[in-house]
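# Chains, contacts and geometry: an overview
What follows is the residue order along each chain.
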Amino acid sequence: MNNDIVLGIETSCDDTAVALVNSAGQVLSSVVASQLDIHSAFGGIYPEFAARAHISSIIPTVHEAMHRADVKPEQLLAIGVTRGPGLISSLLVGLNTAAGLGLGWNKPVIGINHLRGHLRSADLDQQRVKYPAIILLVSGGHTFLAYMESTTNITLLGSTRDDSVGETYDKVGRMLGLGYPGGPAVDKLAATGHPTIAFPRPLLRTGFEFSFSGLKSSVSRYLDNCENPVYEDVAASFVQSVMEILVKKSQLAIKTYPAKSFAIVGGVAASPQLRSAAAKLSHDLKIELCLPPVKWSTDNAAMIALATFDYLNLSMLKEPLPELHLTISDF
Ligand code: KG4
Ligand code: ZN
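### A look at the pattern of salt bridges
Across all of its chains, the model carries eleven salt bridges by this definition. We note a salt bridge from Arg 120 to Asp 310, for which the minimum N-O separation is 2.6 Å. Note that Arg 120 is positioned in helix 4 (residues 114-120) and Asp 310 in helix 11 (residues 302-318), a separation of 190 residues in sequence. Its relative accessible area of 7% is what places Arg 120 among the buried residues. As a salt-bridge pair, Glu 244 and Arg 201 come within 2.9 Å of each other at their nearest N and O atoms.

What follows is the structure, encoded as structure tokens:
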């Protein structure tokens, strides 16, 4: 029997996600139990409710993923599970479930860094990324630029000193009364407005580090001080600032490092404005652009399963994995 399949489990935040991926990176099934209805009432994620929802969804979601792919436990090579960063009460549900399944099915369980999952997401279903690559990671929790010589040789070029892009989008969305998550709604509103307001572009010309808290405060001050703000124009001006920052920093990275491709990953990679700004940038700099489909940009378990293969490949070069153990991957 062909046992080259990894079961991935991702419960770092508000979605219970389980996926099955084979060694070629093909996604055999990917099931997400969304908690959007629970959290939208609070305008953000309520950790206690997130953990409780994970507890009730995790086993049915594992069953559904196995059923949809028609995979039996014997066909699994390993179980990969997000070990962090994330909400600890949410992470524990995934980690404990993975440990229990590993014991019951006699499979190794590997703890995977969530960001490593995002970094590999552009390669799901097909090998898009040509290495060495410049990767811009823009999610709700993180923002950074990395130079990846290979899937496991990663150099961090610079990250945000304060807020992430996704968080900034969500806060601005809340200021504009758009609910949670703010990202897609801000983009939609921005598309109907004009970028008439000169919001700042913090750290625009200083290396690879990012800063977004000043931009967020500036939007807040503008809304406090303006008598009749045009929300569409506020959104359009905010998005223009964000795009200029992301494009400028990516451009510097592409010009500095000998990359064959440029990838954007993480929830904000779903942004149509970012997708078209990236297309223009790659065209101008003559570099191949790799964008994961929107479903692999936001949190999912397939990316965790794919990153698990990287770990397995590396550790198998050194020594075979013991029959059963929980490994924390920090390669
Ligand atoms: O990667 P992700 O699903 O979760 C984390 O690991 O954080 O990213 C979630 C973030 C949220 O802040 C959300 O507002 C943002 O991605 N996002 C977007 C869009 N879709 C999701 N931001 C801008 N435009 C979008 N279309
Ligand atoms: Zn994420």
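Here the narrative resumes, following the displayed structure.
### Some points on the coordination of the zinc ion (ligand 2)
At the metal site, the zinc ion (ligand 2) is ligated by His 114 (NE2), His 118 (NE2) and Asp 299 (OD), and these contacts range over 2.0 to 2.1 Å. Classification of the site at the zinc ion (ligand 2) rests on its four donor atoms, whose angles at the metal span 97 to 131°, yielding the label tetrahedral. Sequence spacing of the donors to the zinc ion (ligand 2): H-x3-H-x180-D. One end of the pair, His 118, is in helix 4; the other, Asp 299, is in the loop between helix 10 (294-297) and helix 11, and 181 residues separate them in sequence. Looking at Asp 299, the relative accessible area reads 24%, which means it is partly exposed.

### Here's the deal with the pairing of strand 1 (residues 5-10)
Of all the six residues making up strand 1, six are buried; the element is thus mostly covered by neighbouring parts of the structure. Burial of the side chains of strand 1 extends over both faces: Ile 5, Leu 7 and Ile 9 are buried on one face and Val 6, Gly 8 and Glu 10 on the other. Hairpin connection from strand 1 to strand 2 (residues 15-22): four residues lie between these consecutive antiparallel strands. Sheet topology note: the strand 1/strand 4 (residues 76-84) ladder contains five bridges and is parallel. Across the sheet, Leu 7 pairs through a bridge with Ile 79, a residue of strand 4.

### A closer look at the domain arrangement of the protein chain
Looking at the protein chain, the domain boundaries give domain 1 (5-121 + 296-330) and domain 2 (130-291). Relative placement of domain 1 and domain 2: their C-alpha centres are 27 Å apart. Listed by partner, the interface residues are 17 residues for domain 1 and 19 residues for domain 2. Overall, the association of domain 1 and domain 2 removes approximately 1500 Å² of surface from exposure, summing both partners, and the carbon and sulfur fraction of that is 69%. Looking only at domain 1, the three residues that lose the most surface to domain 2 are Leu 115, Leu 119 and Ser 297, adding up to 38% of its buried area. Where domain 1 touches domain 2, the interface holds zero salt bridges. Viewed at the interface, domain 2 and domain 1 are joined by two residue pairs in polar contact (both at pLDDT 80 or more). Among the secondary structure elements, those contributing two or more residues to the side of domain 1 that touches domain 2 are helix 1 (36-40), helix 4 and helix 11. In terms of residue count, the dominant contributor to the side of domain 1 that touches domain 2 is helix 4 (five residues). Split into classes, the residues belonging to the side of domain 1 that touches domain 2 amount to six nonpolar, seven polar and four charged.

### Quick word on the site of ligand 1
Around ligand 1, a shell composed of 20 residues is seen, among which Gly 140, Asp 170, Asp 187, Gly 267 and Asp 299 lie nearest. Contact distances for ligand 1 include 3.1 Å between an oxygen atom and a backbone N or O atom of Gly 183. Contacts to ligand 1 include Asp 187, whose side-chain N or O atom sits 2.5 Å from a nitrogen atom. Contact with the protein chains covers 86% of the free accessible surface of ligand 1, which is 560 Å². Secondary structure elements with two or more residues in the shell around ligand 1: helix 4, helix 5 (165-175) and helix 6 (182-190).

### Describing the packing of aromatic side chains
Counting across every chain of the model gives six aromatic pairs. Summarising the aromatic geometry, the rings of Phe 208 and Tyr 257 are spaced 6.3 Å apart at their centres and angled 50° between planes, so their arrangement reads as tilted. Taken as a pair, Phe 208 in the loop between helix 6 and helix 7 (213-225) and Tyr 257 in the loop between helix 8 (231-256) and strand 9 (261-265) lie far apart in primary sequence, 49 residues in all. We classify Tyr 257 as partly exposed; its relative accessible area is 26%. Seen from their ring centres, Phe 210 and Phe 212 are 6.1 Å apart, and the 15° between their planes marks the pair as stacked. For the pair shown, Phe 210 and Phe 212 are each scored as buried. By way of ring pairs, the aromatic residues Tyr 147, Phe 208 and Tyr 257 are connected into one cluster.

### Section: helix 2 (residues 47-69)
Helix length check: helix 2, at 23 residues, gives a terminal C-alpha distance of 31 Å against a target of 33 Å (1.5 Å per residue), a fit within 8%. A maximum bend of about 40° is found in helix 2 at Ser 57, where proline Pro 60 lies one to four positions downstream. When we look at burial in helix 2, the residues that qualify are Ala 50, Ala 51, Ala 53, His 54, Ser 57, Ile 58, Thr 61, Val 62, Ala 65, Met 66 and Ala 69. Here the buried face of helix 2 lies against strand 1, strand 2, strand 3 (27-34), helix 1, strand 4 and helix 3 (88-105). Looking one or two residues past helix 2, Asp 70 carries a phi angle of roughly 55°, positive in sign.

Definitions and cut-offs
- Residues numbered from 1 in each chain as written.
- Chains lettered and ligands numbered in written order.
- Predicted model: local features only at pLDDT ≥ 70, side-chain atom pairs only at ≥ 80, totals over all residues.
- Heavy atoms only, no water.
- Salt bridge = Lys/Arg side-chain N within 4 Å of Asp/Glu carboxyl O.
- Helix = DSSP H or I, 4+ residues; strand = E, 2+ residues; numbered from the N terminus.
- Buried < 20%, exposed > 50% of the residue type's maximum accessible area, 1.4 Å probe, protein only.
- Donors = N, O, S within 2.8 Å, 3.2 Å for Na, K, Ca; no water.
- Tetrahedral: all angles 85-135°; square planar, octahedral: opposite > 155°, others 65-115°.
- Pairing = 2+ DSSP bridges.
- Domains from an automatic or database assignment.
- Contact = heavy atoms within 4.5 Å.
- Buried area = accessible area lost by both parts, 1.4 Å probe.
- Polar contact = N/O pair within 3.5 Å; in protein donor to acceptor, adjacent residues only side chain to side chain.
- Nonpolar A, V, L, I, M, F, W, Y, C, P; charged D, E, K, R; others polar.
- Near = heavy atom within 4 Å.
- Areas by Shrake-Rupley, 256 points an atom, 1.4 Å probe, with all protein chains shown as cover.
- Phe/Tyr/Trp six-rings, centres within 6.5 Å; stacked < 30°, edge-to-face > 60°.
- Expected span 1.5 Å × (residues − 1).
- Bend = angle between axes of the 7 residues up to and from the residue.

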